[in-house]
Amino acid sequence: MHIGLVGLGKMGGNMRTRMRNAGLTVIGYDRDPEISDVGSLAEMVEQLPSPKVVWVMVPHGEPTHSTVVQLKELLSEGDVVVDGGNSRWTDDEIHAAQLAEKGIGYVDCGVSGGVWGLENGYALMAGGDAADVAKVQPAFDALRPDAENGFVHAGKVGAGHFSKMVHNGIEYAMMQAYAEGYELLEKVDMVENVTEVLNSWRVGTVVRSWLLDLLVKALEDDPGLSQIRGYAEDSGEGRWTVEAAIENAVPAPTIAASLFARFVSRQDESPAMQAVAAMRQQFGGHAVRAAQESPDVPPA
């Protein structure tokens with residue numbers, strides 16, 4: 001199989017290598033000429049045999065929109081575009097309709113595996129027509145962890161990214177639970193080796209997971225996590241999961257709470273907690289801390 005790959009960053013670059021290792025001919029294009037195989041998107045398309053398959057791995061939103069628009073002008077009927085980035089599923093419907101005007105197929109593919117995907121393979125969730133998915137199948141087979149696992153044709157256009165969105169929402173909640181458990185273990189005096197406690201959970205327990213493995217590795221590399229600030233970004237998919245839950249009247253309190261916890265991490269001084277402290281002082285005369293007072297200093 002020959003395939004074009006747009007975007008050769010942390011994920012895209014490793015995916016190019018994994019597909020090449022599996023025997024596929026990959027022509028990669030990136031705005032950075034140091035890592036790009038060709039000088040332009042048009043040059044990449046010209047080197048592909050028909051039907052052409054182009055996999056897009058650029059940031060969601062405008063970078064993906066503009067890439068799809070450019071590919072629409074460069075590709076022909078029977079070709080296929082795959083969006084493997086973290087696009088919102090509603091964007092997939094727009095992109096599929098745009099490309100369909102020229103008879104170009106569209107497949108959305110949620111990709112999970114991060115920087116470990118080169119070695120371990122990627123979990124792939126695809127959405128689109130079966131005929132279009134079939135044209136991309138050799139690439140899916142090269143990228144998945146093995147011949148039996150790690151790939152699903154989830155449904156029609158949008159189903160792949162919707163599935164990956166829910167996957168990431170669950171990931172938010174799992175990470176938050178591990179983080180809260182870690183903090184509680186650290187808080188008490190009786191537990192003397194928190195890292196080893198977490199490590200003991202990795203085999204035989206019902207809470208074992210790859211995320212737990214990664215937390216233990218992080219603690220082994222940086223005991224106490226002293227080199228990391230407690231500030232967590234969100235990629236957007238947690239927000240989209242909560243919005244989808246609201247739209248479909250599906251209760252998702254755990255995922256929603258884990259998303260809001262990330263917002264809390266970005267506040268050096270939480271206005272909400274200031275309001276709580278003020279109300280406690282007003283109704284109960286409870287002590288409050290001065291604005292510049294160190295948390296280690298007992299309240300007045």
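What you are looking at is a predicted structure, and each value in this text was computed from that prediction instead of being measured.

Thresholds applied
- In this numbering scheme, every chain counts its residues from 1 along its sequence in written order.
- For a predicted model such as this one, the threshold for reporting local features is a pLDDT of at least 70, and the threshold for listing and counting side-chain atom pairs is 80 or more; totals across whole chains, interfaces and linings nevertheless cover every residue.
- Working from all heavy atoms in the structure, the side-chain values ignore hydrogens and water.
- Put simply, DSSP H or I for four residues or longer makes a helix, DSSP E for two residues or longer makes a strand, and each gets a number counted from the N terminus.
- Each residue's exposure class comes from its accessible area (1.4 Å probe, protein chains only) as a fraction of the maximum for that residue type: buried when under 20%, exposed when over 50%, partly exposed otherwise.
- For the accessible areas, the method is Shrake-Rupley and the probe is 1.4 Å, while residue cover comes only from the protein chains on display.
- We count Lys and Arg on the positive side and Asp and Glu on the negative side, and we leave His and both chain ends out.
- To locate a charge, the coordinates of NZ of Lys, CZ of Arg, CG of Asp or CD of Glu are taken.
- One less than the residue count of a helix, multiplied by 1.5 Å, gives the span that helix is expected to have.
- Arc, as used here, means the arc of the directions from the helix axis to the C-beta atoms.
- For this analysis, residues touch if any pair of their heavy atoms sits within 4.5 Å.

Caption draft 1: Spotlight on the overall build of the protein. Along the protein, the regular secondary structure elements total 12 helices and 7 strands. Taken along its principal axes, the extent of the C-alpha atoms in the protein is 75 × 40 × 40 Å. Across the 300 residues in the protein, those meeting the buried criterion constitute 39%. A total accessible area of about 16,400 Å² is found for the protein, and carbon and sulfur atoms account for 56% of it. For the protein, the centre of its 23 positive side-chain charges and the centre of its 42 negative side-chain charges are spaced 1 Å apart.

Caption draft 2: Examining helix 11 (residues 253-264) more closely. With 12 residues, helix 11 ought to run about 16 Å at 1.5 Å a step, and its terminal C-alpha atoms sit 16 Å apart, in line with that. Among the residues making up helix 11, those that are buried are I255, A256, S258, L259 and R262. When helix 11 is viewed along its axis, its buried side chains cluster within an angular range of 165° and face the same direction. Residues of helix 11 that are exposed and angled more than 90 degrees away from the buried face: P253, T254 and V264. Each element contacted by the buried residues of helix 11 is listed here: helix 7 (159-187) and helix 10 (237-247).

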